[in-house]
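Residues per chain, in single letters:
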Amino acid sequence: SRFGNSYRKMLELRPRVRTGGGLYVLKYQEVRKIQRDMWTDIPVGAVLESVYYRYLYFFEDGSVMYALTHATPVEMIPRFSKMLIHGYGSKDKWGVWGKYQIKKDEVRVWVSQSWHDVCFQLKVIPSNKVLHYDMGDRGMFTTMALEKHMSSPTGNFEDDSHNLVNYDIPTHCYFRFLKDRRL
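Because the structure is a prediction, the values reported are computed rather than measured. (Residues numbered from 1 in each chain as written. Predicted model: local features only at pLDDT ≥ 70, side-chain atom pairs only at ≥ 80, totals over all residues. Heavy atoms only, no water.)

Visitor: Please explain the side chain of Thr69 as it appears in this structure.
Guide: Summarising the element assignment, Thr69 is placed in strand S3 (residues 63–69). One polar contact links the side chain of Thr69 to the main-chain amide nitrogen of Ala71, over a distance of 3.0 Å. (Helix = DSSP H or I, 4+ residues; strand = E, 2+ residues; numbered from the N terminus. Polar contact = N/O pair within 3.5 Å; in protein donor to acceptor, adjacent residues only side chain to side chain.)

Take a look at the structure:
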């Protein structure tokens, strides 16, 4: 068998998401070309950099907190802590509640925003050594690769849905686990 008939080995090696003790963070940054026209106020030679973060905090019961924001982890961790104190359904300017499901090493996350529903498909990476990115992270399952990002105003994420929007994902787009004792 894959785990050598050992329950302990199965618990150690089976892919899973980390719950509690921190959250997964994806930082996306891109340098954009400035469109020059007669209304442009930006001086010549300036660089326009777009930076945003996605946050996922998983619970053992299949629920998840999600945020898409420009705020750094230093600003967002206290906000997530407040949402944890107030419990499921608590409101935040950027944070929303959703659910997730894991099958083997694939994780699907569904979140309802006020304007539409969002779905992510993630792949659990067993170790950062696989990515040749080992910064002393202890433990396993500290990274997830973003494989698919979809949205739908009706919440229907079937492939044949007429209102499903699939977004392009840049290569090497990873959620990394950030430990924090406040969470």
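Having put the structure on the table, let's press on.
Visitor: What is the right way to read the pairing of strand S1 (residues 22–32) from this model?
Guide: If a strand is regular, its side chains alternate between the two faces of the sheet. Here S1 runs beside strand S9 (residues 174–179); their pairing, made up of four bridges, is antiparallel. Bridged to Tyr24 within S9 is Phe177. Judged from the nine bridges that link them, S1 and strand S2 (residues 48–58) form a sheet pairing that is antiparallel. Counted as the bridge partner of Gln29 is Val51 from S2. (Pairing = 2+ DSSP bridges.)

Visitor: What am I meant to see in unusual backbone geometry here?
Guide: With the exception of glycine, most residues fall at negative phi, and the peptide bonds are largely trans. A positive phi angle is found at Lys104, which is not glycine, with a value near 55°. Note that Lys104 resides in the loop between strand S4 (95–103) and strand S5 (106–112). In the Ramachandran plot, His172 falls in the positive-phi region, its phi being about 60° despite a non-glycine side chain.

Visitor: Just checking my understanding: could you explain the environment of Ile77 for this structure?
Guide: Tracing the backbone shows Ile77 in helix H2 (residues 73–86). Taking C-alpha positions, Ile77 is 7.7 Å from Arg182, a pair spaced 105 residues apart along the chain.

Visitor: So what exactly am I meant to see when it comes to the pattern of salt bridges here?
Guide: Close approach of charged atoms allows side chains with opposite charge to pair. According to the stated counting rule, one finds two salt bridges in the structure shown. Residue Asp105 is joined to Lys123 by a salt bridge in which the shortest nitrogen-to-oxygen separation is 2.6 Å. With Asp105 in the loop between S4 and S5 and Lys123 in strand S6 (residues 117–125), this pair connects stretches of sequence that are 18 residues apart. Taking relative accessible area as the criterion, Lys123 reaches 28% and is therefore assigned partly exposed. Across the salt bridge formed by Asp180 and Arg182, the nearest N and O atoms sit 3.0 Å from each other. The class for Asp180 is buried, based on a relative accessible area of 13%. Relative accessible area serves as the criterion here: at 45%, Arg182 is assigned to the partly exposed category. (Salt bridge = Lys/Arg side-chain N within 4 Å of Asp/Glu carboxyl O. Buried < 20%, exposed > 50% of the residue type's maximum accessible area, 1.4 Å probe, protein only.)

Visitor: Explain the packing of aromatic side chains here, please?
Guide: Remark: the centre distance and the inter-plane angle together describe each pair of aromatic rings, the angle taken between the planes. Counted by the stated rule, this structure contains nine aromatic pairs. Ring centres of Tyr24 and Phe58 lie 5.6 Å apart, and the angle between their planes is 80°; this geometry places the pair in the edge-to-face category. A residue pair is termed long-range when its members are at least 10 positions apart, and Tyr24 in strand S1 and Phe58 in strand S2 qualify at 34 residues. Of the two residues examined, Tyr24 and Phe58, each falls in the buried class. Relative to Phe59, the ring of Tyr57 has its centre 5.0 Å away and its plane inclined at 70°; by these criteria the two rings are edge-to-face. What makes Tyr57 buried here is its relative accessible area of 6%. Here a set of aromatic residues connected by ring pairs shows up, and it is made of Tyr24, Phe58, Tyr100 and Phe177. For Arg18, the ring lying beneath its charged end belongs to Phe177, and the centroid distance is 5.1 Å. (Phe/Tyr/Trp six-rings, centres within 6.5 Å; stacked < 30°, edge-to-face > 60°. Lys NZ or Arg CZ within 6 Å of the ring centre and 35° of its normal.)

Visitor: It is not clear to me how the pairing of S9 should be interpreted in this structure. Could you clarify?
Guide: Of the pairings in the sheet, the one linking strand S7 (residues 143–152) to S9 comprises three bridges and is antiparallel in character. The residue bridging Met144 from the neighbouring strand is Phe175, located in S9.

Visitor: What is the right way to read the nonpolar core from this model?
Guide: Here is a general trend for soluble globular proteins: nonpolar side chains tend to be buried in one another's company. Membership of the largest hydrophobic core comes to 23 residues, with the highest contact counts inside it found for Leu56, Phe58, Val107, Val109, Leu122 and Met144. When residues of this core are traced back to their parent elements, those giving at least two are S1, S2, S3, S4, S5, S6, S7 and S9. Ranked by residues supplied to this core, first place goes to S6 with four residues. Val107 has contacts with Val17, Phe58, Tyr100, Gln101, Ile102, Phe120, Gln121, Leu122, Val124 and Met144, leaving out every residue within four places of it along the chain. Val25, Tyr55, Met76 and Ile77 belong to the second largest nonpolar core, which has 15 residues in total. (Core = buried A, V, L, I, M, F, W, Y, C linked by side-chain atoms within 4.5 Å. Contact = heavy atoms within 4.5 Å.)

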